[in-house]
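A closer look at the structure
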Amino acid sequence: MPRSVAGIAYLVFMLIGAGTVFLIAHQPVSYGIGSATILLLIAGYGVGGITILGRARRYLETAFLSLTTFLLMVPTVTEILRRVPDGHPLVTDLKSPLLLGSQAALVVMLVLGLTAQFITLRRQGRSIPG
């Protein structure tokens, strides 16, 4: 829940993470990722107040906030693979099968995670008396 203590902590830490992209990143795409993350955070925390959306608010909130994690994980995994171990990185080319496989795994985890969350939200919606 975004308005819980854990939700507020998530917002603060994700803003710090997204903000550091602008200080550390050296690729132009990184600025887009940082900006998109901040916009999705704003959307994720703001969509709950749009009552006209009804139950869709919960699904949109979940999707937006899940995407924020995904967006910051892609450059994190990429940078780790391109820098570790020091002097002999696991990946030296952006088209490396290891890097592409890692990024594909992140996409699969996003899809599976969102699917599981949506199923849970749907079940919770059915148990709420209407």
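Reference entry: report on the structure contained in this document. (Residues numbered from 1 in each chain as written. Predicted model: local features only at pLDDT ≥ 70, side-chain atom pairs only at ≥ 80, totals over all residues. Heavy atoms only, no water.)

What follows concerns the environment of Thr37. Its place among the elements puts Thr37 in helix H2 (residues 28-46). On the basis of relative accessible area, Thr37 is assigned to the buried category, the value being 0%. Sequence spacing of Thr37 and Arg126 is 89 residues, and the spatial spacing of their C-alpha atoms is 31 Å. For Thr37, the residues in contact, after removing those within four places along its chain, are Met14, Ala18, Thr68, Leu71 and Leu72. (Helix = DSSP H or I, 4+ residues; strand = E, 2+ residues; numbered from the N terminus. Buried < 20%, exposed > 50% of the residue type's maximum accessible area, 1.4 Å probe, protein only. Contact = heavy atoms within 4.5 Å.)

With that settled, consider H2. End to end, H2 covers 28 Å across 19 residues, agreeing with the expected 27 Å (1.5 Å per residue, within 8%). Residues of H2 that are buried include every one of Ser30, Ile33, Gly34, Thr37, Leu40, Leu41, Gly44 and Tyr45, and no others. Down the axis, H2 shows its buried residues gathered within 130° of arc, on one side only. Facing away from the buried side of H2 by over 90 degrees, the exposed positions are Pro28, Leu39 and Ile42. Packed against the buried residues of H2 are helix H1 (5-24) and helix H3 (56-83). (Expected span 1.5 Å × (residues − 1). Arc of directions from axis to C-beta.)

A word on the layout of surface pockets. Roughly 590 Å³ of volume is contained in the largest pocket. Every residue lining the largest pocket is counted, 22 residues in all, and those nearest its centre are Ala25, Ser30, Pro75, Thr76 and Glu79. Residue contributions to the lining of the largest pocket peak at 9 residues, all from H3. Across the lining of the largest pocket, the residue classes tally to 11 nonpolar, 8 polar and 3 charged. (1 Å grid on protein atoms, 1.4 Å probe; cavity = no way out; pocket = protein on both sides within 12 Å on 5 of 7 lines; lining within 4 Å. Points joined across faces, edges and corners; volume = space filled by probe spheres on them. Nonpolar A, V, L, I, M, F, W, Y, C, P; charged D, E, K, R; others polar.)

Turning our attention to the packing of H2 against H3. The N-to-C vectors of H2 and H3 enclose an angle of 160°; their axes lie 8 Å apart at closest approach. One way to sum up the angle between H2 and H3 is to call them roughly antiparallel. Seen along the crossing, H2 lies across H3 with a hand that is left-handed. Side by side, H2 and H3 meet where Ile33, Ala36, Thr37, Leu40, Leu41, Ala43, Gly44 and Tyr45 of the first sit next to Glu61, Phe64, Leu65, Leu67, Thr68, Leu71, Leu72 and Pro75 of the second. Counted by class, the contact of H2 with H3 contains 12 nonpolar, 3 polar and 1 charged residues. (Axes fitted to C-alpha atoms, helices over the stretch in contact; angles between N-to-C directions. Parallel < 35°, antiparallel > 145°, perpendicular 65-115°, else oblique. Left-handed = near helix turned anticlockwise from the far one by under 90°.)

Any link to function would need more than the numbers given here.
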